[in-house]
Amino acid sequence: MLGLMQDWPLLCHRIIDHAATLHGARQVISRSVEGPIHATDYATIRTRARKVAQRLERDGIRLGDRVGTLAWNTWRHLEVWYGILGLGAVYHTVNPRLFPDQIAWIVNDAQDRVMIADLTFVPILEKLADKLPTVERYVILTDANNMPATTLRNAVAYEDWIAEVDGDFEWRVFDENTAAGMCYTSGTTGHPKGVVYSHRSNVLHSMIACMPDAMGISSRDVVMPVVPMFHANCWGIALSAPMMGAALIMPGAKLDGPSVYELLAKYQVTFTAAVPTVWLMLLQHLEATGAKLPDLKRVVIGGSASPRAMIKTFQDVYGVEVVHAWGMTEMSPLGSLCSLKPEYAGLEGEARLDIQQKQGHPPFGVEMKITDDAGRELPWDGKTFGRLKVRGPAVARAYYKGEGDEAFESDGFFDTGDVATMDANGYMQITDRSKDVIKSGGEWISSIDLENLAVGHPKVLEAAVIGVRHPKWDERPLLIVVLKKEQTVTKDELLDFMRGKVAHWWLPDDVVVVDDIPHTATGKILKTALRDRFKDYVLPTVQAAE
Ligand code: ADP
């Protein structure tokens, strides 16, 4: 017997319809790439998104065609997403921080037919254009006044392009499992891998994201996604904020501390989300200027482990609640968020931080387990760690073109490549990425735990720990630190600070101070580059062992 309820496919463009109809006047404010602040609302965004769909169709774009975007978070990028979605084409966000050759590889793999790009990226596209045979036209997100002279094929200013149609366009209706968007994981080894979201997975993910124990966004929030739309599906915010009718503040190209602060303060942002490196810049700015953020209620920190010191500063100094979150491009991307269940809600001080440092519990819609290498499930005791595996309606079941499919197991679980513990209350804590974990004498040392501890030292700005070859132990940890301005530190000072807070044999064998730690295109510490740089490093303990 079938249920007798309506078949209402979960289509992403229904989100902008809802926003325009129920929250039409809600503001969407952006720092434009040209410079000035721009204000619009959901009703206008829908009107212009319809023009995008109509104009793309006139350019020959059809259901399933890929449209690339190389763009910052602005109102125009949002219009473009919804226009593409409402036509049944597929938005493909390209991360401009990747190496040019990787950008070319990704655009070719996805076979983008149109590339919609910000002014910032015209020079890079001009250099690459010869290598992008599938791209028939470039749309530059600006108006005629700011349109540069360019050699790009069929280049047109966005405002001129959409002005050629009247917006009389009905959203297309199709199966909810139709592809909606594509995003490639950075692929620290091998080629990047394409993740293909469906309309259904995006809509379900947005609903999941808004639940109170997840991001808990409401129509009363003013939401600023500092996380770019090209990083892991914008952590869902480009869809979930309009779904809830929350006001949106889009930071454009400027993600430095003073610029982010300016928007947070001026527009009384209540909710924001980004990777730790962004928050590091903001906190430095706040510390230097003595500024405060009285309106900000919650900040989501994810993409890399949030240092404990960062959680503490946000909460104790600025009165902002931190929600530590974990996820992956393959999960749309939310996997777990660290809101406090009643079991933990009463905790204070260090005990509370102990929990908040965990990556949290999965919401409904994400199933999670940890296993050993043979696939046997491991206990949720907060100590035993194993391979973290996930399953759910917004988790990938394959990569585009079947790349790397060994991660997708026969029971429907996806092996995340992360190593984690689960505690009795279902809180997950990432020990490490499996390739970053340090293998010392057959035991594992968590680089994340050591990094966290090191950045707790008042003189340390950023820390990375990598395994360095050791004849006796296989690998031993090397601590690499960037210091705060005009600070100096000795190795013993740092090691003494860490001593007693981790097992004795976890303590790094050596400490190196550097000017800068390299980051990936999504703001994570680039461990591969560090391992390369220090591959011939001789630890003092090696000399002692020989
Ligand atoms: P990319 O590999 O392209 O940077 P993702 O953003 O999808 O793409 O990276 C996902 C990975 O980031 C996770 O598998 C995990 O290793 C790491 N990660 C994400 N959030 C956290 C977190 N809160 N703590 C520790 N690691 C995290």
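Calculation criteria
- Residues numbered from 1 in each chain as written.
- Predicted model: local features only at pLDDT ≥ 70, side-chain atom pairs only at ≥ 80, totals over all residues.
- Heavy atoms only, no water.
- Helix = DSSP H or I, 4+ residues; strand = E, 2+ residues; numbered from the N terminus.
- Buried < 20%, exposed > 50% of the residue type's maximum accessible area, 1.4 Å probe, protein only.
- Contact = heavy atoms within 4.5 Å.
- Areas by Shrake-Rupley, 256 points an atom, 1.4 Å probe, with all protein chains shown as cover.
- Lys, Arg positive; Asp, Glu negative; His and termini not counted.
- Charge placed at Lys NZ, Arg CZ, Asp CG, Glu CD.
- Pairing = 2+ DSSP bridges.
- Axes fitted to C-alpha atoms, helices over the stretch in contact; angles between N-to-C directions.
- Near = heavy atom within 4 Å.
- Polar contact = N/O pair within 3.5 Å; in protein donor to acceptor, adjacent residues only side chain to side chain.
- Nonpolar A, V, L, I, M, F, W, Y, C, P; charged D, E, K, R; others polar.
- Parallel < 35°, antiparallel > 145°, perpendicular 65-115°, else oblique.
- Core = buried A, V, L, I, M, F, W, Y, C linked by side-chain atoms within 4.5 Å.
- Domains from an automatic or database assignment.
- Salt bridge = Lys/Arg side-chain N within 4 Å of Asp/Glu carboxyl O.
- Phe/Tyr/Trp six-rings, centres within 6.5 Å; stacked < 30°, edge-to-face > 60°.

Participant: What is the right way to read the overall build of the protein from this model?
Facilitator: On a plain count of helices and strands, the protein comes out with 17 helices and 24 strands. Referenced to the eigenvectors of the C-alpha coordinate spread, the extents of the protein come out at roughly 75 × 65 × 45 Å. Taking all 546 residues of the protein together, the buried fraction comes to 58%. For the protein, contacts bridging at least 24 residues in sequence account for 66% of all contacts bridging at least 6. When the accessible area of the protein is evaluated, it comes to approximately 22500 Å², of which 51% is carbon and sulfur surface. If you average the places of the 57 positive and of the 69 negative side-chain charges in the protein, the two averages end up 1 Å apart.

Participant: I'm lost on the sheet that holds strand β18 (residues 414-422) in this one. Help?
Facilitator: Hydrogen bonds along the backbone pair up the strands of a sheet, which may run parallel or antiparallel. Pairing within the open sheet is antiparallel, and its four strands lie in the order β16-β17-β18-β19. Only two strands of the sheet have a single partner each, and these edge strands are β16 (367-371) and β19 (428-433). Taking the axes of each pair of neighbouring strands and ignoring which way they run, one obtains an average angle of 50° across the sheet. Bridging between β16 and strand β17 (residues 386-391) involves five bridges; their strand directions are antiparallel. Across the sheet, residue Lys 369 finds its bridge partner in β17, namely Lys 389.

Participant: Explain the site of the ligand to me, please; I cannot follow it from the model alone.
Facilitator: In the vicinity of the ligand there are 17 residues, among which Ser 186, Ala 325, Thr 329, Asp 418 and Thr 522 approach most closely. In this structure, an oxygen atom belonging to the ligand sits 2.6 Å away from a main-chain N or O atom of Thr 329. Surface burial for the ligand is 94%, taken as the share of its 570 Å² of free accessible area covered by protein chains. No other element matches strand β14 (residues 321-327), which puts four residues into the shell around the ligand. Per-class residue counts for the shell around the ligand are four nonpolar, ten polar and three charged.

Participant: It is not clear to me how unusual backbone geometry should be interpreted in this structure. Could you clarify?
Facilitator: Note on backbone geometry: most residues besides glycine have negative phi, and most peptide bonds are trans. Ser 332 connects to Pro 333 through a cis peptide bond whose omega is 15°. Mapped onto the elements, Pro 333 comes out in the loop between β14 and β15 (334-337). In this structure, Asn 154 takes a positive phi of about 50° despite not being glycine. With respect to the secondary-structure elements, Asn 154 resides in the loop between β6 (137-140) and β7 (156-157).

Participant: Explain the packing of helix α9 (residues 257-266) against helix α10 (residues 276-289) to me, please; I cannot follow it from the model alone.
Facilitator: Each pair of packed helices gets described by two things: the angle between the helix axes and the distance between those axes. Running from N to C, α9 and α10 cross one another at 80°; their axes reach a closest spacing of 8 Å. Taken together, the axis directions place α9 and α10 in an arrangement best described as roughly perpendicular. Contacts between α9 and α10 involve Gly 257, Pro 258, Val 260, Tyr 261 and Leu 264 from the first element and Trp 279, Met 281, Leu 282, His 285 and Leu 286 from the second.

Participant: Explanation requested: the nonpolar core in the structure shown.
Facilitator: Most often, soluble globular proteins have nonpolar side chains that are buried together. One finds Ile 237, Trp 279 and Phe 314 to be the most contacted residues of the largest nonpolar core, which totals 119 residues. Aside from chain neighbours lying at most four places away, what touches Phe 314 is Trp 279, Leu 282, Leu 283, Val 299, Ile 301, Gly 319, Val 320 and Val 322. Counting 27 residues, the second-largest nonpolar core is a separate cluster that includes Ala 104, Phe 121, Ala 129 and Ile 140.

Participant: Sorry if this is basic, but what is going on with the environment of Ala 305 here?
Facilitator: Here Ala 305 is to be found in the loop between β13 (298-301) and α11 (308-318). On the basis of relative accessibility, which here comes to 23%, the residue Ala 305 falls in the partly exposed class. Leaving out residues up to four positions away in the same chain, Ala 305 has contacts with Pro 276, His 324, Gln 359 and Ile 448.

Participant: Looking at this structure, how should I read the side chain of Lys 527?
Facilitator: Mapped onto the fold, Lys 527 is located in helix α16 (residues 527-533). Lys 527 gets classed as buried once you look at its relative accessible area, which sits at 7%. Sequence-distant contacts of Lys 527, that is, excluding residues within four places in its chain, are made with Asp 436, Ser 447, Glu 451, Val 465 and Ile 466.

Participant: Any chance you could explain the pairing of strand β9 (residues 193-198) here in plain terms?
Facilitator: Residues in a regular strand project their side chains so that they alternate between the two faces of the sheet. Here β9 lies mainly inside the structure; five of its six residues are buried. For strand β8 (residues 179-185) and β9, the ladder comprises six bridges, and the chain directions are antiparallel. In the sheet register, Gly 181 faces β9, and the bridge partner there is Tyr 197.

Participant: When you look at the sheet that holds strand β5 (residues 114-117) in this model, what are you seeing that I'm missing?
Facilitator: In spatial order, the strands read β7-β6-β5-β3-β4-β8-β9; together these seven strands make up an open sheet with mixed pairing. One side of each edge strand has no neighbouring strand; the edge strands of this open sheet are β7 and β9. Contacts from helix α4 (residues 100-110) reach β3 (66-70), β4 (90-93), β5 and β8 within the one sheet, and its direction differs from that of β8 by about 150°. Sheet strands in contact with helix α7 (residues 199-210) are β4, β8 and β9, and its direction is about 75° off that of β9.

Participant: Please clarify how the domain arrangement of the protein should be interpreted in this entry.
Facilitator: In many reports, interface size means the accessible area that the parts give up when they come together. If you check the domain split of the protein, you get domain 1 (13-254) and domain 2 (438-545). A C-alpha centroid distance of 39 Å is found between domain 1 and domain 2.

Participant: What is the right way to look at the environment of Leu 340 in this model?
Facilitator: With respect to the helices and strands, the residue Leu 340 is situated in the loop between β15 and α12 (342-345). Along the sequence, Leu 340 and Ser 32 sit 308 residues apart, while their C-alpha atoms lie 37 Å from each other. Leaving out residues up to four positions away in the same chain, Leu 340 has contacts with Ala 345, Arg 352, Ile 355, Gln 356 and Tyr 427.

Participant: Explain α4 to me, please; I cannot follow it from the model alone.
Facilitator: Because each turn of an α-helix spans 3.6 residues, side chains separated by three or four positions in sequence point in the same direction. Among the residues of α4, those classed as buried are Ile 103, Ala 104, Ile 106, Val 107, Asp 109 and Ala 110. Remark: Gln 111 follows α4 within two positions and exhibits a positive phi of approximately 55°.

Participant: Honestly, the pattern of salt bridges in this entry has me stumped. Any pointers?
Facilitator: Close approach of charged atoms lets side chains of opposite charge pair. Scanning the model with the defined rule gives 33 salt bridges in all. Asp 109 is the partner of Lys 401 in a salt bridge, and the nearest nitrogen-oxygen pair spans 3.2 Å. Note that Lys 401 is positioned in the loop between β17 and β18 and Asp 109 in helix α4, a separation of 292 residues in sequence. When salt bridges that share partners are traced, they join Glu 34, Arg 48, Arg 76, Glu 79 and Glu 159 into one network.

Participant: Explain the packing of aromatic side chains here, please?
Facilitator: The relative placement of two aromatic rings is captured by the distance of their centres and the angle of their planes. Within this structure, the stated rule accounts for 13 aromatic pairs. Consider the rings of Phe 169 and Trp 171, whose centres lie 6.2 Å apart with planes at 75°: the pair is edge-to-face. By relative accessible area, Phe 169 is classed as buried at 7%. A ring pair is formed by Trp 505 and Trp 506, whose centres lie 6.2 Å apart and whose planes are at 75°; its orientation type is edge-to-face. You can call Trp 506 buried: its relative accessible area is 14%.

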